[in-house]
Structures are given as structure tokens and as C-alpha cells.
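Structure at a glance
Here is what each chain is made of, one letter per residue.
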Amino acid sequence: RKLGYAIVGLGGYGLGVIIPQFKNCQHSKLVALVSGDPLKAKKVAAEYGVPERSIYNYQNFDAIKDNPDIDIVYVCLPVSMHAEYTIRAAAAGKHVMCEKPMAVSSAECEAMIAACKKAGKKLMIGYRCHFEPHNLEAIRLARSGAIGKLRYFRSEHGFTTGNPNAWRLKKAMSGGGSLMDIGIYALNAARYMTGEEPVAVYAKETTDRNDPRFREVEDMIEFQLEFPSGVIGSCMSMYSANQNHILLMGDKGRIDMEPGTRYDGNKLWVGQDRSTQVTPPPGPGLTQWAAQLDHLSQCVINNREPIVAGEEGLRDIRLIEAIYRSAREQKRIALV
Ligand code: NAD
């Protein structure tokens, strides 16, 4: 059986990336749309075979509870709206996939987890890299001892933002700047590549506040992570240059990915340098998104917890809060 998804938010990611992926899924199908733009929703519904009765807007959203075709709601909205639509979806008796970053604060993340728990519904965060073949192979290599004892992790993630009026650059809607949006890939990778949780963070922010893009949110932030084994993580995120790199160093070699977390074209090397490129085995799905969508469907069918459940999103938001605090107070923040 294929479970039915309702996509909330027909923007760059929901419409441009997620909706076209259902054709690659084995256990998931598109059954409903939620949009503030009725003409757009009607056009998309016609293109993807969604019945007009399964088009909703932000006002009548709660009526999804009466639509048995919808099993899962996928929240593809600006970050400040994640909590509200996750909680309303759970109250309507639906499972939830919510995009990263999970929410604008750890308090909101906790409320989302509690709402889904109370409703007896699954909550998964859209961490697609956990289903991406290069990242999965890198994790396997790190755990297999291929580079020996892990010593040091490094990741830089950034892209150049343009429009100063975009929601990503408005703090109330985004919760923060480059760290929330793209630096979270470096942070999440530091955790899945090492398999450890940081015990302390130290951060430094550099932002040109005269640049109209950065009146409200940070541009560049560099953060160090201390792991219990002694591994040091050194990460950087920015909104003023393109960068996408993950490097894990052990005492016998290194795992290097550049780009590491893109939609496609990721590359992986293992060894002393970049002379040995690794082609990973196929991932769990036809694409990282198909695997991600089908994972939640299968968790619902088999009553299992998603590998990137709400708690995983909450961990990153707690760390992000500590990183911002460290940058603000200019001191190391211990987490335990
Ligand atoms: P977007 O601006 O392209 O789309 C946002 C959608 O929300 C639009 O359809 C917009 O109309 C709608 N919306 C509803 N109410 C709104 C309001 N009050 N203000 C602004 N927009 C409103 O953004 P996006 O790039 O699609 O990002 C959506 C979510 O997806 C974000 O959480 C983002 O972090 C996430 N995302 C994830 C990935 C990934 O690789 N996992 C990639 C891109 C975006």
C-alpha cells in the first residue's frame, strides 16, 4: 500500500523538489495540496492528478482530518510556521514530515514532539542526507575503521543569498541566518559522521550589518564542537559564498566529500588525499528524497520510529541555540 502525502507550501522546495519525487517512490504518493494560492494549487493538482476536493488553504487546513486519503502531512513552509502546521496536522490525526531546521526554538521543537506523541503520530524531520548514498557510505567507512581512530572533523557550508526581503533573512520567520538554513548541514554531519554528541561549543560570528541582507540575521558563523572521544569539529556557515564540504580525519586517513550534501553531484574520496574516489553503492531509494519519503511511510506501516525523528531535529536546534549563545557571550558553552 502507498501512503498519501499532503504537501503544505508550494514553494521552491515543496513544489520544485519534493512533489516531482513521488514518481520515484514505492510506498508514498501525493494525494493533497495546501497552498495560499488557489490558482497555483489548481494547476499543480491537475498536473499531478490530485483531486480538487483535496486542495486546502491555510484557513481550512484543519479539515484534512476528514480526508482519509491523507496519511502524512509534509510541512515545506518558512521555519516560523513549522511548529504551527506540525501541531495542527497531528491534531487532525495525521503523521508529519517537517522540513529542517525543525523550528525557530527548542521550545517549539518540544511542543511539536509532545503534540505528535499525544496524537500517537510519527514525526520525522526532512534530513535528506541520511538517505543520500555518498553520506551513507562515508558513515559506513568512518564506523568500519577505514581511516583509523577519528581525530578531527571539518565542514564548511554556504551559499550566496540575494533578495534582502526573502523570509530567510527575516529573523522572525527564519529563526536565524546561515546557521539555521545551511550551517545545520555541517552541524548534523558532524554528529552523523562522528557518531557522537558534542559536549561543548565555541562560536564566532562575523557579519557586515551594513549589508542590507544582514540587518536581522548572521552571515558567517564559525563554530567548534568538542566531542567526548576528543574529536574536535570545526564548522563554518555563511550566506555570502558558495561552499559545500565535509572532511573527517582519522589517524590512518581521511574521508573527504566535496560537494558533500548537494541534491546531486556529491563526491567522496577516502585515503591520504584525493587520489582514490569512491563510488558509493546505491542508496535505499531511487533518489535521496524517494528514500526519505518512503522511510516515513514504512515507519507508519510497521510502527517504527524514523531514523531522523523529531528528537534529532531538537538536538540540532538545542546546539544551534548554544552556538548563538557562545557567539553572543564570546565564551565556550559546556553542554553537559
Ligand atoms: P520558499 O520561500 O520557496 O517556499 C515557502 C512556501 O511557503 C511558499 O510557497 C510560500 O508561498 C509559502 N508561505 C506560506 N505562508 C507564507 C508566509 N507567511 N511567508 C512566506 N511564505 C509563505 O521556501 P523553500 O526554499 O521552499 O523552503 C521551505 C522549507 O523547506 C524551509 O523550511 C527550508 O529550510 C526547507 N528546505 C529544505 C531543503 C532541503 O534540502 N532539505 C532545501 C530547501 C528548503
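The rules behind each value
Residues numbered from 1 in each chain as written. Predicted model: local features only at pLDDT ≥ 70, side-chain atom pairs only at ≥ 80, totals over all residues. Heavy atoms only, no water. Domains from an automatic or database assignment. Contact = heavy atoms within 4.5 Å. Buried area = accessible area lost by both parts, 1.4 Å probe. Salt bridge = Lys/Arg side-chain N within 4 Å of Asp/Glu carboxyl O. Polar contact = N/O pair within 3.5 Å; in protein donor to acceptor, adjacent residues only side chain to side chain. Helix = DSSP H or I, 4+ residues; strand = E, 2+ residues; numbered from the N terminus. Core = buried A, V, L, I, M, F, W, Y, C linked by side-chain atoms within 4.5 Å. Buried < 20%, exposed > 50% of the residue type's maximum accessible area, 1.4 Å probe, protein only. Phe/Tyr/Trp six-rings, centres within 6.5 Å; stacked < 30°, edge-to-face > 60°. Near = heavy atom within 4 Å. Nonpolar A, V, L, I, M, F, W, Y, C, P; charged D, E, K, R; others polar. Pairing = 2+ DSSP bridges. Axes fitted to C-alpha atoms, helices over the stretch in contact; angles between N-to-C directions. Parallel < 35°, antiparallel > 145°, perpendicular 65-115°, else oblique.

Take the domain arrangement of the protein next. Bring the parts together and some accessible area is lost; that lost area is often taken as the interface size. Segmenting the protein into domains produces domain 1 (3–128 + 287–305) and domain 2 (133–282 + 317–334). Each partner contributes residues to the interface: domain 1 has 19 residues there, and domain 2 has 16 residues. Of the roughly 1,500 Å² buried where domain 1 meets domain 2, counting both sides, 58% is carbon and sulfur surface. Taken together, the links from domain 1 to domain 2 amount to two salt bridges. Among the ionic pairs, Lys100 bridges to Asp181, the shortest N-O distance being 3.8 Å. Counting the contacts that link domain 1 with domain 2 gives eight residue pairs in polar contact (both at pLDDT 80 or more). Contributions of two or more residues to the side of domain 1 that touches domain 2 are made by helix 4 (106–119) and helix 8 (288–302). Of the residues forming the side of domain 1 that touches domain 2, the biggest block, three residues, is contributed by helix 4.

On to the nonpolar core, then. Nonpolar side chains in soluble globular proteins tend to end up buried together. Residues Ile7, Ile18, Val73, Tyr74, Leu123, Met193 and Ile255 are the most contacted members of the largest nonpolar core, which totals 105 residues. When residues of this core are assigned to their parent elements, the largest contribution, 11 residues, is made by helix 7 (residues 178–194). Each of domain 1 (3–128 + 287–305) and domain 2 (133–282 + 317–334) accounts for three or more of the residues forming this core. Once you skip the residues sitting within four places of it in the chain, Ile255 turns out to touch Ala138, Leu141, Ala142, Ile147, Met193, Ile246, Leu247, Leu248, Leu268, Trp269 and Val270.

With that settled, consider the packing of aromatic side chains. Scanning the model with the defined rule gives seven aromatic pairs in all. Pairing Tyr5 with Phe22 gives two aromatic rings, centres 5.4 Å apart and planes at 55 degrees, and the pair type is tilted. Of the two residues, Tyr5 sits in strand 1 (residues 3–8) while Phe22 sits in the loop between helix 1 (14–18) and strand 2 (28–34), which places them 17 residues apart along the sequence. Taking the relative accessible area as the measure of exposure, Tyr5 reaches 0% and is therefore buried. Under the relative-accessibility criterion, Phe22 is labelled buried at 7%. Judged by centre distance (5.6 Å) and plane angle (75 degrees), the ring pair of Tyr58 and Tyr85 falls under edge-to-face. Of this pair, Tyr58 sits in the loop between strand 3 (55–56) and strand 4 (72–75) while Tyr85 sits in helix 3 (residues 82–91); the two residues are 27 residues apart in sequence, bridging distant segments of the chain. Overall, Tyr58 belongs to the partly exposed group, its relative accessible area being 21%. An aromatic cluster of three or more residues is present, and its members are Tyr5, Phe22 and Tyr74.

On to the site of the ligand. Within the structure, the ligand sits among 21 residues, and Gly12, Tyr13, Lys100, Arg128 and Trp167 are positioned closest to it. Between Gly12 and the ligand, the recorded distance is 2.7 Å, taken from a backbone N or O atom to an oxygen atom. Lys100 places a main-chain nitrogen or oxygen 2.8 Å from an oxygen atom of the ligand. For the shell around the ligand, the residue count by class is 12 nonpolar, four polar and five charged. Split by domain, the shell around the ligand shows at least three residues from each of two domains, domain 1 (3–128 + 287–305) and domain 2 (133–282 + 317–334).

This part takes up the sheet that holds strand 9 (residues 220–226). Hydrogen bonding along the main chain pairs the strands of a sheet, whether they run parallel or antiparallel. Strand order in the open sheet formed by eight strands is 13-12-11-7-10-9-8-14, and the pairing between neighbours is mixed. In the strand order of this sheet, the two ends are held by strand 13 (268–271) and strand 14 (333–334), each with one partner. Both strand 9 and strand 10 (residues 232–238) contribute to a ladder of six bridges, which runs antiparallel. Residue Gln224 lies in a different strand from strand 10, and its bridge partner there is Ser234. Here helix 9 (residues 310–329) sits on the sheet in contact with strand 8 (200–206), strand 9 and strand 14, set at roughly 60 degrees to strand 8.

Further remarks concern the packing of helix 4 against helix 9. It is at 9 Å that the axes of helix 4 and helix 9 come closest, and there the two elements cross at 170 degrees. In this view, helix 4 runs roughly antiparallel relative to helix 9, as classed from their interaxial angle. In this structure, helix 4 uses Ser106, Cys109, Glu110 and Ile113 to contact helix 9, whose residues at the interface are Gly310, Glu311, Leu314, Ile317, Arg318 and Glu321. Of the residues contributing to the contact of helix 4 with helix 9, the split by class is four nonpolar, two polar and four charged.

This next bit is on the environment of Ala90. Among the structural elements, Ala90 can be located in helix 3. Sequence-wise, Ala90 and Ala114 are 24 residues apart; in three dimensions their C-alpha atoms are separated by 9.9 Å. Setting aside chain neighbours within four positions, we find Ala90 in contact with Val96, Ala115, Cys116, Ala119 and Lys121.

Attention now moves to the sheet that holds strand 1. Strand order across the open sheet formed by six strands is 3-2-1-4-5-6, with parallel pairing between neighbours. Both outer strands of the open sheet, strand 3 and strand 6 (123–125), are each paired with one neighbouring strand and no more. For strand 2 and strand 3, the ladder comprises two bridges, and the chain directions are parallel. Bridge pairing in strand 3 links Val34 to Tyr56.

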